[in-house]
Amino acid sequence: MKNENEKYYVVEVNWTGPDQMSSRYIDYDRYEVTTEPPRNTSGDIQLSGCLGTNGDVSRYAHGEYDVKSAAEYAIIKMLDGDCRRHDEVNAAMELGVVALYRPGRYSPISDDILSDYIFRTVECNEISVPSGEITREQLNGVVRDLRKLLRDDGSDAPEDRIEGMLIDVCEIEMTTD
């Protein structure tokens, strides 16, 4: 049962350090709903604004709410609905975290994992890549098909990253047409 004095707080957590495209940090950023009031680097409770940066992690407070659903709605509204709820079992990275949201409808994918994904997808014939030289139109079709498969699996990458990786992995040669 909820303590009637219990409040909920929204805290944004961002990775600001190096290797932002590595598999370890590419999906690090998050919005937490917590029952612990956010504190700045001096240890003082702060309900809005920058809480400071510790190491390569910056934190921002985004308000106090009377009910958990209001805090969650605030996150969804802040991100214009472009977010996904994260598994609460793994959400408790900090004391008091009761819900966690990640920006973006799909989880981003690192270059290493994208490369492996493309190789595996082509090798297992889930996607067909024309042999020999390939036209721009054919390449665009393969890239769109790969992006759809990625999204069906809950991940995403920009088409230009998929295209570059596809060309490298499959050693594709473009026609001059």
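Refer to the preceding data block for the structure.
Residues numbered from 1 in each chain as written. Predicted model: local features only at pLDDT ≥ 70, side-chain atom pairs only at ≥ 80, totals over all residues. Heavy atoms only, no water.

Moving on, we come to the overall build of the protein chain. When you go through the protein chain residue by residue, the secondary structure sums to 4 helices and 10 strands. When its helices and strands are written in sequence order, the protein chain yields β-β-β-β-α-β-β-β-α-β-α-β-α-β. In summary, the protein chain has a C-alpha radius of gyration of 21 Å against a globular reference of 16 Å for 177 residues, an excess of more than 25%. Dimensions of the protein chain, computed from the C-alpha atoms along their principal axes, are close to 65 × 35 × 25 Å. Out of the 177 residues in the protein chain, the part that is buried amounts to 38%. Considering only intrachain contacts with a sequence separation of at least 6, the fraction spanning at least 24 residues in the protein chain is 60%. Accessible area for the protein chain stands at about 10,500 Å²; split by element, carbon and sulfur atoms hold 44% of it. Across the protein chain, the 19 positively charged side chains and the 36 negatively charged ones have centroids separated by 7 Å. (Helix = DSSP H or I, 4+ residues; strand = E, 2+ residues; numbered from the N terminus. Rg over C-alpha atoms; globule rule 2.2 N^0.38 Å. Buried < 20%, exposed > 50% of the residue type's maximum accessible area, 1.4 Å probe, protein only. Contact = heavy atoms within 4.5 Å. Areas by Shrake-Rupley, 256 points an atom, 1.4 Å probe, with all protein chains shown as cover. Lys, Arg positive; Asp, Glu negative; His and termini not counted. Charge placed at Lys NZ, Arg CZ, Asp CG, Glu CD.)

Over its 17 residues, helix α3 (residues 136-152) extends 24 Å from the first C-alpha to the last, a length consistent with the 24 Å expected when each residue adds 1.5 Å. Along α3, the positions that sit buried rather than exposed are Leu139, Gly141, Val142, Val143, Leu146, Arg147 and Leu150. Positive backbone phi, at 90°, marks glycine 154, one or two positions downstream of α3. (Expected span 1.5 Å × (residues − 1).)

Of all the 8 residues making up strand β1 (residues 8-15), 8 are buried; the element is thus mostly covered by neighbouring parts of the structure. Of the two faces of β1, the one carrying Tyr8, Val10, Glu12 and Asn14 and the one carrying Tyr9, Val11, Val13 and Trp15 are both buried. Bridge count for β1 against strand β4 (residues 57-65) is 7 bridges, and the pairing is antiparallel. Note that in β4 the partner of tryptophan 15 across the bridge is valine 57. In terms of strand pairing, β1 meets strand β2 (residues 30-34) through 5 bridges, oriented antiparallel. Residue pairing in the sheet places glutamate 12 in a bridge with tyrosine 31 of β2. (Pairing = 2+ DSSP bridges.)

Where α3 meets helix α4 (residues 159-170), the axes come as close as 9 Å, and the angle between the chain directions of the two elements is 110°. As the angle between them shows, α3 and α4 are arranged roughly perpendicular. As α3 runs across α4, the sense of the crossing is right-handed. For the pair α3 and α4, contact is made by Arg136, Leu139, Asn140, Val142, Val143, Arg144, Leu146, Arg147 and Leu150 and by Glu159, Ile162, Glu163, Leu166 and Ile167, respectively. Of the residues that constitute the contact of α3 with α4, the class distribution is 8 nonpolar, 1 polar and 5 charged. (Axes fitted to C-alpha atoms, helices over the stretch in contact; angles between N-to-C directions. Parallel < 35°, antiparallel > 145°, perpendicular 65-115°, else oblique. Left-handed = near helix turned anticlockwise from the far one by under 90°. Nonpolar A, V, L, I, M, F, W, Y, C, P; charged D, E, K, R; others polar.)

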